[in-house]
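Inside the fold
Chain by chain, the residues run as shown.
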Amino acid sequence: MALKTLRLGRCFPFHVCVGQARWMTQGTKAVGAMGKREGDISDAFTSLSGKMAEPLPHRFRLLKQELAKGNEFPIINGWTRLLESLKKENETIAKRGPRVIPEVRFSHLEEDLAKYAHIIKKRGVVVIRGVIPEDEARAYKSEIEDYVKLNPQTKGKSLIGPSIELFSHR
Amino acid sequence: MLELYWSAPQIKARGHPSLLKTQIALMKKLWYTSNPSSPISLGMPLCYADRLRIRQPGDAKFALGPHQDGGSTERWEKEGYGYGGGGVYSAVFRGEWEAYDPFDASARMHAFTDLYGGLGACSMFRMWQGWLSMSKTGPGEGTLQVNPLLKEATAYALLRPFFRPMWKPEQFRDPSKHLDPLNWEFLAGDNITSDLPGAVPGHGQEFPEGMHPHLELDKTMVNIPEVKPGDYVVWHCDSELPARMFSASLTGTAIHAVDRTHKGESDSSVLYIPVCPTTKANAHYVVSQRKAFLKGIPAPDFPGGVGESGHTRRPDLDFIMTTCDPIGIQAMGFAKIEASDEETSGGREAIQLANKKLGWE
């Protein structure tokens, strides 16, 4: 594959969060403040999102140049291998769904972790069964509800009914 | 999401011997240190006080995650996760993504140490993000969705800014040809732009639909299997990246998309409890977290305010000392950390540094 020299005149489209981004995902107000600026996006990208952000500062361009310098062909080859791997792996995941996620038993913790270490690392997620006795963990929930009832000033309460505002802060 | 950090059940769970045992095993059996002298202990967890969620059936609103970690542009930046010699993602940027090891604590630790107090990330190095279920919750009842392909998804997010598609899906007779490697060109030399798709400095990463098409998130985000009260679910922090891509790809409909999945008959309730190793920087955070506990205010990473300072029946220090496992008490910063016999030299050093930070030495 040859290195292409097409010039990309405009930035990639992506949307930018305006304002209090840090807690954005928790606040209904903050979610509302998530601005999606329409912008002039180069033709190749209009299909992607139609959303636009301000370009990142120049230093990111230099950073990317530096990262790629001397590594161009390995990066291209690695990318190609990556896309092939994704295609294959995605198919497995789509077919098997939640069954791809490994589970271990607390009662056999060391044994199961050793046995499934490879797949846990591949999937990046694991369910550990029965860490805390079921009754005990279930009682946690009612104890929290009692604590909230006793302290109605608790923020973010959602215990009483379906239409309570969950996120009152910010 | 409830703004609670210091309720009795949270403290009991964080200090539960079985949970602590699990945390230690998840660090020791799955992570490793490529440099054994790295000052980090995989054998001693430190406590990170996060929140909890109780969702009743019919709850219309939804939070995407416990909180947003930084992790957008700093994944590429030197000062962030680093890419140079020993950098967390250096193998990926050399094109050798297969060699990238998401479970090597040595490189990652330094990234977080350097970043400490910096970019609004979670201040503690978490080896696993996690939640403890307090309910029986199955797929489709508002559980967690993950993209279960850690290494590939991370590598993809990192390399994506160096490539762009030549043709749009609708320009192909078979739109899936859009994903063919031949349709994606490398941006070299002068043609490199400053863009990091989805990354905004100082913000969490955002991913509009179509930005990361090869992850095929519409079919590769899967629900975790059904959980019961007492089950503990953990996921590598890097795997939150595709989860956020997915949520954002549904921007505008995200709330409904998740709401649609909340068809359970009962509540979906979890305590957020990540797994953090002992390092100097983590201990530094525990020092201020400890103060927050004593005052009853939110943990330092979270929005401030009075929190639970005026709450009736809020657990006090005596509660911790009488309820929690000794390791839990140490993990919360209320007793000197004792190194286990199996501790590595780096682990011993980390524990010593942590004890110093916490004022025990």
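You'll find the structure just up there.
Residues numbered from 1 in each chain as written. Chains lettered and ligands numbered in written order. Predicted model: local features only at pLDDT ≥ 70, side-chain atom pairs only at ≥ 80, totals over all residues.

Looking only at helices and strands, one finds 12 helices and 10 strands in chain B. The buried share of chain B, reckoned over its 361 residues, is 60%. Sequence-distant contacts, at least 24 apart, represent 77% of the contacts inside chain B between residues at least 6 apart. (Helix = DSSP H or I, 4+ residues; strand = E, 2+ residues; numbered from the N terminus. Buried ≥ 20, exposed ≤ 12 C-beta atoms within 10 Å, placed from the backbone. Contact = placed C-beta atoms within 7 Å.)

Right, let's talk about the nonpolar core for a bit. Ranked by size, the top nonpolar core spans 120 residues in total, and within it Leu132 and Leu159 of chain B carry the most contacts. Each of domain 2 (56-96) and domain 3 (101-150) of chain A contributes no fewer than three residues to this core. Excluding anything up to four places from it in sequence, Leu159 of chain B contacts Ile75, Trp79 and Leu82 of chain A together with Val92 of chain B. (Core = buried A, V, L, I, M, F, W, Y, C linked by C-beta atoms within 7 Å. Domains from an automatic or database assignment.)

Okay, the pairing of strand β1 (residues 41-46) of chain B next. Residue and element names in this part refer to chain B. With six of its six residues buried, β1 lies for the most part within the structure. Both β1 and strand β10 (residues 276-278) contribute to a ladder of three bridges, which runs antiparallel. Within the sheet, the bridge partner assigned to Leu46 lies in β10 and is Cys276. (Pairing = 2+ DSSP bridges.)

The next subject is the packing of helix α3 (residues 72-96) of chain A against helix α5 (residues 150-159) of chain B. Helix-helix packing is characterised by the crossing angle of the two axes and by the distance between the axes. Interaxial distance between α3 of chain A and α5 of chain B falls to 10 Å at its minimum, and their mutual angle equals 135°. Here α3 of chain A is positioned oblique relative to α5 of chain B, judged by the angle of their axes. The two elements α3 of chain A and α5 of chain B cross, and the hand of that crossing is left-handed. Residue-level contacts link Ile75, Trp79, Leu82, Ser85, Leu86 and Glu89 of chain A of α3 of chain A to Glu152, Ala155, Tyr156 and Leu159 of chain B of α5 of chain B. (Axes fitted to C-alpha atoms, helices over the stretch in contact; angles between N-to-C directions. Parallel < 35°, antiparallel > 145°, perpendicular 65-115°, else oblique. Left-handed = near helix turned anticlockwise from the far one by under 90°.)

Turning our attention to the environment of Trp128 of chain B. You can see Trp128 of chain B is positioned in the loop between α4 (105-115) and β3 (129-133). The contact partners of Trp128 of chain B, leaving out residues within four places of it in the chain, are Leu26, Val234, Trp235, His236, Pro274 and Val275 of chain B.

By themselves, these are just geometric observations and shouldn't be taken as functional.
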